[in-house]
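# Coordinates in review
Spelled out, the chains give:
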Protein chains: 2
Amino acid sequence: MDAKVSVGLLGVGVVGSGVMTLIEKHQKKLMHQLGCPVEVKKALVRDPNKKRAIDTGASETVLTLDAADVLDDPEIDVVIEVMGGIEEARRHILSAFAAGKHVVTANKDLVALHGAELHEAAAQNNCDLYYEASVAGGIPILRGITDGFASDHIEQVMGIVNGTTNFILTKMHQEGVSYDDALAQAQELGFAEADPAADVEGLDAARKMAILGRLAFSTYIDLDDIDVTGINGIELADLKYADTLGFTMKLIGFAKFDGKRVEINVQPALISRNHPLADVKNEYNAVYVYGEAVGEAMFYGAGAGSMPTAAAIISDAVTVGKNMHRGVTGSQFIEPRFKKELKSTDEQFGQYYLRLHVRDEAGVFSRISDTFNEQAISFKQILQRPSDQPETAEIVVVTHEASLAIMQQALEHLQDLDTVLAVVSFYKAEGDADT
Amino acid sequence: MDAKVSVGLLGVGVVGSGVMTLIEKHQKKLMHQLGCPVEVKKALVRDPNKKRAIDTGASETVLTLDAADVLDDPEIDVVIEVMGGIEEARRHILSAFAAGKHVVTANKDLVALHGAELHEAAAQNNCDLYYEASVAGGIPILRGITDGFASDHIEQVMGIVNGTTNFILTKMHQEGVSYDDALAQAQELGFAEADPAADVEGLDAARKMAILGRLAFSTYIDLDDIDVTGINGIELADLKYADTLGFTMKLIGFAKFDGKRVEINVQPALISRNHPLADVKNEYNAVYVYGEAVGEAMFYGAGAGSMPTAAAIISDAVTVGKNMHRGVTGSQFIEPRFKKELKSTDEQFGQYYLRLHVRDEAGVFSRISDTFNEQAISFKQILQRPSDQPETAEIVVVTHEASLAIMQQALEHLQDLDTVLAVVSFYKAEGDADT
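Residues numbered from 1 in each chain as written. Chains lettered and ligands numbered in written order. Predicted model: local features only at pLDDT ≥ 70, side-chain atom pairs only at ≥ 80, totals over all residues. Heavy atoms only, no water.

### Things to note about the overall build of chain A
Counting secondary structure elements, chain A contains 14 helices and 17 strands. Here chain A has a C-alpha radius of gyration of 24 Å; the compact-globule value for 435 residues is 22 Å, and the two agree. When its C-alpha atoms are laid out on the principal axes, chain A stretches across 85 × 45 × 35 Å. Out of the 435 residues in chain A, the part that is buried amounts to 61%. In the form shown here, chain A has an accessible surface area of approximately 16,700 Å², with 46% of it arising from carbon and sulfur atoms. If the 38 positive side-chain charges of chain A are averaged to one point and the 64 negative ones to another, these points end up 6 Å apart. (Helix = DSSP H or I, 4+ residues; strand = E, 2+ residues; numbered from the N terminus. Rg over C-alpha atoms; globule rule 2.2 N^0.38 Å. Buried < 20%, exposed > 50% of the residue type's maximum accessible area, 1.4 Å probe, protein only. Areas by Shrake-Rupley, 256 points an atom, 1.4 Å probe, with all protein chains shown as cover. Lys, Arg positive; Asp, Glu negative; His and termini not counted. Charge placed at Lys NZ, Arg CZ, Asp CG, Glu CD.)

Take a look at the structure:
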């Protein structure tokens, strides 16, 4: 047994500073769990003189500008990668494995893109690779899925895994403000970046869903497998109709697995107010898991932030430290059990919400209704309202369950009707409305 | 490495049948994770001819009336105890450890009462002891606390850990029915037993909180340390006032730890509608954890039921199987870090809800208000309503934070006032009301 667990940090930004702070502050708890101290021996920085978000308390000799000081130091057992980015981080992590070091990372972009390669490199070198912090920050969801559901068949994962978009949608819903105003508020409060594209366009959520999907279904999910729609086209009117109909709008990562084929996408969707995800507000994250045996389970908490992310990283480092002491590192990797097969649109089922802009004339609703009947799609809820433009109306419907392929056909036929001026919105609607 | 993991079952009731069913059904997944099959070799039953809830598919040779067939079989690696009760289960588990067998149990009563003894026996014999299923059924909360929060200081745990009482309170709230009617409904639907005492009086919740408290705070909590109030005295009127004030009534297990002293109790309490626990409805369970670094986290799911409980048990058995293969069984036990010290009532702080039955005469409110002022307790919310009895009124207040000791003094002084006919109700109120 080593006399200590020696850590090398790659990156000392907000999360890295948090890691250093927590390791120092909770040293007694770490010693109690591991039976030895945890020490940050070297930390790679870009600029050693930069003022950091948190005083790391680190002596000058810890910080280094040279990655080799971390990667080539034979005394360093565990490399914690919190520098972000793809290529450099990937190279460093592969070097760490080649040198027999274990790796803990918070880098969802990297794990989503190169997870398979990293896992295989870790296994080849008998090393551990953990990345709890990469999905939903402080929520121990990856452990929950891999260990807690070890004996269950996970049928469905639904995640609110992006805090920025959840904050924006919550503001729109609660304060009745437009998407642009809510985004500006989020930026002011630091919940959205100056360039919010990766968040609002759904890419960040897609990366997390790729990781969740792989662990939940034991198959490699590529980012390209995920259909992604962001919230940047969202209109307040749809949030208001959703509310009237008993739903809340959320950006949801959906992943389903029937034991053979996978369906995985990220999209704004209506969630019934009866569904546990509907109550997840502001910047909070939550992951809802449906297991064949366990039924419904949900994990809720902070999805980001220096301290929650740092705590998740250190919990991974503790797991590595325990594995080191027991001599069982490199044993957590399990080759995926299933070859990935994706569902076609006629194997994907859902209820759908549609908002149509129509001419306000006799018989319009029956023509629309006929179009749905032809596809054997039936309605669950219907609303008709005068539009703010003269001689037109808005029709909002929520359908019963139908395949996506058939819904898409119905949409095409609707657009061919003279009386339908536009299909304004089209969203998935999950759960039974609370009316 | 063993060619298989061989399991012996103690008890084949609803949960035991679920365990046998799941092991058979998910054999491929188990093999994938463990690299070997899992087999139920012997199962202790009281009556081999009893019709079981689930067809276990077990051949006649598996069932036995003799515990020795499980405990003395050298080929059995893991004993799963789902027989319930205290003394016999305890004896069998201690025998299993003495024979070098690992134990997985769902027995909260036993673990709450004899957890220390069982852990020590396991450690002495290099054996594993896991009991994920003992708290909140299908929710992997014990793993979440021990592994997910490994590097964090857990300050607070609040649990809705009894499905029966949550079902009853949800019915009262949603349908406006009395406690007795809601209990009768719960009994009809199988959510409450014919003798509901252990559930409605809070003892079941207290047992689970003793287990959660130990793991969260790394100190042994005895059942006697827990102040317990059940929901059997609950009046619908208080649920209605709570609703008006922005709260929901829940049976909550509270546990707090300031790094030195513990506060732990089970009581019906008002929870702000803004709090994630307020949305946990019907028979569902949820455990809310506040960590210094992670902040808020909540774990939600089914608290009971044959399949969720069985899935939790098998996830523990998988952990044991992995430990066996790695040769690291018996290493998860960590001696508690803290000697238990309990907070006195002047170290326990909360907001409180009071309902008073008073004479409807001039100056009554100012006399009541003076009584609180003397103790430096201030009000957050006040309601006054005519009572259904002539010349009397009801006054409902929610206080700002105060110590329990001071609140108890104020209550005594209130009862001395001529104008106060009765202090009808007194509950803790958690969080800021959504008004």
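That shown, we press on.
### Quick notes on the interface of chain B and chain A
Taken together, the contact between chain B and chain A spans 48 residues of the former and 48 residues of the latter. The partner of K25 of chain A in a salt bridge is E292 of chain B, and the shortest N-O contact between them spans 3.3 Å. Linking chain B with chain A are 20 residue pairs in polar contact (both at pLDDT 80 or more). The set of elements that each furnish at least two residues to the side of chain B that touches chain A consists of α1 (14–25), α2 (27–34), α6 (141–148), β12 (295–302) and α12 (306–326) of chain B. In the side of chain B that touches chain A, the residues fall into 22 nonpolar, 14 polar and twelve charged. Pairing geometry for strand β12 (residues 295–302) of chain A and β12 of chain B, over five bridges, is antiparallel. Residue pairing in the sheet places F299 of chain A in a bridge with F299 of chain B of β12 of chain B. (Contact = heavy atoms within 4.5 Å. Salt bridge = Lys/Arg side-chain N within 4 Å of Asp/Glu carboxyl O. Polar contact = N/O pair within 3.5 Å; in protein donor to acceptor, adjacent residues only side chain to side chain. Nonpolar A, V, L, I, M, F, W, Y, C, P; charged D, E, K, R; others polar. Pairing = 2+ DSSP bridges.)

### Things to note about the nonpolar core
Of all hydrophobic cores here, the largest spans 234 residues; its most connected members are I141 and L212 of chain A together with I80, I141 and L212 of chain B. Setting aside residues up to four positions removed in sequence, I141 of chain B forms contacts with E132, V135, A136, L212, V287, V289 and F299 of chain B. Counting 28 residues, the second-largest nonpolar core is a separate cluster that includes M158, I160, I271 and M298 of chain B. (Core = buried A, V, L, I, M, F, W, Y, C linked by side-chain atoms within 4.5 Å.)

### What about helix α2 (residues 27–34) of chain A?
Taken residue by residue, α2 of chain A has Q27, K29, L30, Q33 and L34 of chain A as its buried positions. Projected down its long axis, α2 of chain A shows its buried positions confined to an angular sector of 160 degrees, all on one face. Tucked inside the fold, the buried residues of α2 of chain A contact β1 (5–10), α1 (14–25), β2 (38–44) and α12 (306–326) of chain A together with α6 of chain B. Positive backbone phi, approximately 75 degrees, marks G35 of chain A, located one or two places after α2 of chain A. (Arc of directions from axis to C-beta.)

### Describing the relation of the copies chain B and chain A
Once chain B is rotated about the relating axis by 180 degrees and shifted along it by 0.0 Å, it coincides with chain A to within an RMSD of 0.0 Å. What the superposition gives is, in effect, a two-fold axis relating one chain to the other. Taking the C-alpha atom as reference, chain B places F299 of chain B closest to the rotation axis, 2.4 Å from it. An overlap of 100% is found between the interface residues of chain B and their copies at the interface of chain A, pointing to a shared contact surface. (Least-squares fit on C-alpha atoms with pLDDT ≥ 70 in both.)

### A word on the sheet that holds strand β6 (residues 129–130) of chain B
Residue and element names in this part refer to chain B. One open sheet accounts for six strands, arranged β3-β2-β1-β4-β5-β6; its pairing is parallel. Where the open sheet ends on each side, the last strands, each with one partner, are β3 (63–64) and β6. As paired strands, strand β1 (residues 5–10) and strand β4 (residues 78–81) are joined by four bridges and run parallel to one another. Counted as the bridge partner of G8 is V79 from β4. Packing of helix α4 (residues 87–98) onto the sheet brings it into contact with β1, β2 (38–44), β4, β5 (102–105) and β6, and relative to β5 it is tilted by some 150 degrees. The sheet contacts of α12 involve β1, β4, β5 and β6, and relative to β5 the element is tilted by about 165 degrees. (Axes fitted to C-alpha atoms, helices over the stretch in contact; angles between N-to-C directions.)

### Quick look at the pairing of strand β10 (residues 262–272) of chain B
All names here are of chain B. Where burial is concerned, most of β10 is hidden: eleven out of the eleven residues are buried. What you see with β10 is no split at all: V262, I264, V266, P268, L270 and S272 on one side and E263, N265, Q267, A269 and I271 on the other are buried throughout. Examined bridge by bridge, strand β9 (residues 247–257) and β10 share eleven bridges and lie antiparallel to one another. When the sheet's bridge partners are listed, K256 is paired in β10 with E263.

### A look at the UniProt feature "transmembrane region" (unreviewed entry) in chain A
Per the UniProt entry, the sites bearing "transmembrane region" (unreviewed entry) are residues 6–23 of chain A in this numbering. Here residues 6–23 of chain A runs as 56% helix and 28% strand, with 11 Å between its end C-alpha atoms. (UniProt positions renumbered as here; feature names shortened; annotations may be inferred.)

### Regarding the packing of helix α5 (residues 108–124) of chain A against helix α10 (residues 203–217) of chain A
Residues and elements named next belong to chain A. Viewed as axis vectors pointing N to C, α5 and α10 meet at an angle of 30 degrees, and their least axial separation amounts to 7 Å. Considering the angle they form, α5 stands roughly parallel to α10. Taking contact as the criterion, the partners of K108, D109, V111, A112 and H119 in α5 are, on α10, D204, R207, K208, A210, I211 and R214. Within the contact of α5 with α10, the residues separate by chemical class into four nonpolar, one polar and six charged. (Parallel < 35°, antiparallel > 145°, perpendicular 65-115°, else oblique.)

### As for the pairing of β12 of chain A
Most of β12 of chain A sits inside the fold, with eight of its eight residues counted as buried. Between the end of strand β11 (residues 284–291) of chain A and the start of β12 of chain A, which pair antiparallel, lie three residues.

### Section: a negative patch on the surface
Residue and element names in this part refer to chain A. Taken together, the side chains of D360, E361, E391 and D418 present a region of like negative charge at the surface. Structurally, D418 can be placed in the loop between α14 (404–416) and β17 (420–430). Of the residues examined, D418 reaches a relative accessible area of 65% and is grouped as exposed. (Patch = residues over 30% accessible without salt bridge, like charges linked within 9 Å, V, L, I, M, F, W, Y side chains within 5 Å.)

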